[in-house]
Amino acid sequence: SDDPGLITQEVVDVLERGLMDENPYVFSIATRIWKEIYSHSLPVPDQTVEILMILLTDQSDVLARRAAALALFYASLYDQELAPVVRERLGELATTQEPISKIWVIMTLDMIDIVDSARTAIDEPSQYESVAQRLKLLNESQYLADDYKWAAGQALGWLQEQQVP
């Protein structure tokens, strides 16, 4: 492409392989790159969300499912226009009868609920302190799964970066 800001399909393919890599270092780098892509609103190919949905429901690859869940979380956190598309598509997938897929889809929806909570603090500044405190408690909870705690921490970090009126 002639547009230097466009993330090409080739880049998306490389990042998807990185998200599925068993090496924790490669995986970590790939997730940070996804965060940067979405946090800077870089345009990605239209099919990226659908590719992530396919990875999320992959019955044979737990690393791909987790990586897709995190990338969809970032997409929803940093791209307000994409968030409802992601939620709608996940809602469609939530009706599946495949237990593993259903668990990951619901977990991802729960993580996106955390995004919605953070957005509430932006839309309703009077709720900022309450929401920030709730996210902090979720992030520090010893009773939640690591991915939920991670999502709460990421949402809290995002919220603290926003300019609340």
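Since the structure is predicted, the reported quantities are computational estimates derived from the model, not experimental observations. (Residues numbered from 1 in each chain as written. Predicted model: local features only at pLDDT ≥ 70, side-chain atom pairs only at ≥ 80, totals over all residues. Heavy atoms only, no water.)

S.K.: Explain the nonpolar core to me, and be specific about the residues and the numbers.
M.R.: In this structure, Leu56, Leu72, Val86, Leu90, Leu135 and Leu159 are the most contacted members of the largest nonpolar core, which totals 42 residues. Elements with a contribution of two residues or more to this core: helix H3 (48-56), helix H4 (62-78), helix H5 (83-93), helix H6 (99-123), helix H7 (128-140) and helix H8 (146-161). Among the elements that make up this core, the one with the highest residue count is H4 (11 residues). If we skip the residues at most four places from it in the chain, Val86 touches Val49, Met53, Leu72, Ser76 and Ile112. (Core = buried A, V, L, I, M, F, W, Y, C linked by side-chain atoms within 4.5 Å. Buried < 20%, exposed > 50% of the residue type's maximum accessible area, 1.4 Å probe, protein only. Helix = DSSP H or I, 4+ residues; strand = E, 2+ residues; numbered from the N terminus. Contact = heavy atoms within 4.5 Å.)

S.K.: Summarise the pattern of salt bridges; cite the residues concerned and give the values.
M.R.: For the structure on display, the rule yields seven salt bridges. In this structure, Arg89 engages Glu50 in a salt bridge whose closest nitrogen and oxygen atoms are separated by 2.9 Å. Of this pair, Arg89 sits in helix H5 while Glu50 sits in helix H3, and the two are 39 residues apart along the sequence. A salt bridge links Asp147 to Arg66; its shortest N-O distance comes to 2.9 Å. Note that Asp147 is positioned in helix H8 and Arg66 in helix H4, a separation of 81 residues in sequence. The partly exposed category is assigned to Arg66, whose relative accessible area is 29%. Put simply, Glu50, Arg89 and Glu92 are held in one network by salt bridges that share partners. (Salt bridge = Lys/Arg side-chain N within 4 Å of Asp/Glu carboxyl O.)

S.K.: Could you give an account of H8, with specific residues and numbers?
M.R.: Look at H8: 23 Å from first C-alpha to last across 16 residues, which is about the 22 Å you get at 1.5 Å a residue. Looking at H8, one finds that the buried residues are Asp147, Lys149, Ala151, Ala152, Gln154, Ala155, Leu156, Trp158 and Leu159. (Expected span 1.5 Å × (residues − 1).)

S.K.: Break down the environment of Val115 for me, citing the residues and quoting the values.
M.R.: Note on placement: Val115 falls in helix H6. Since its relative accessible area comes to 0%, Val115 is described here as buried. With 20 residues separating them along the chain, Val115 and Leu135 place their C-alpha atoms 9.9 Å apart.

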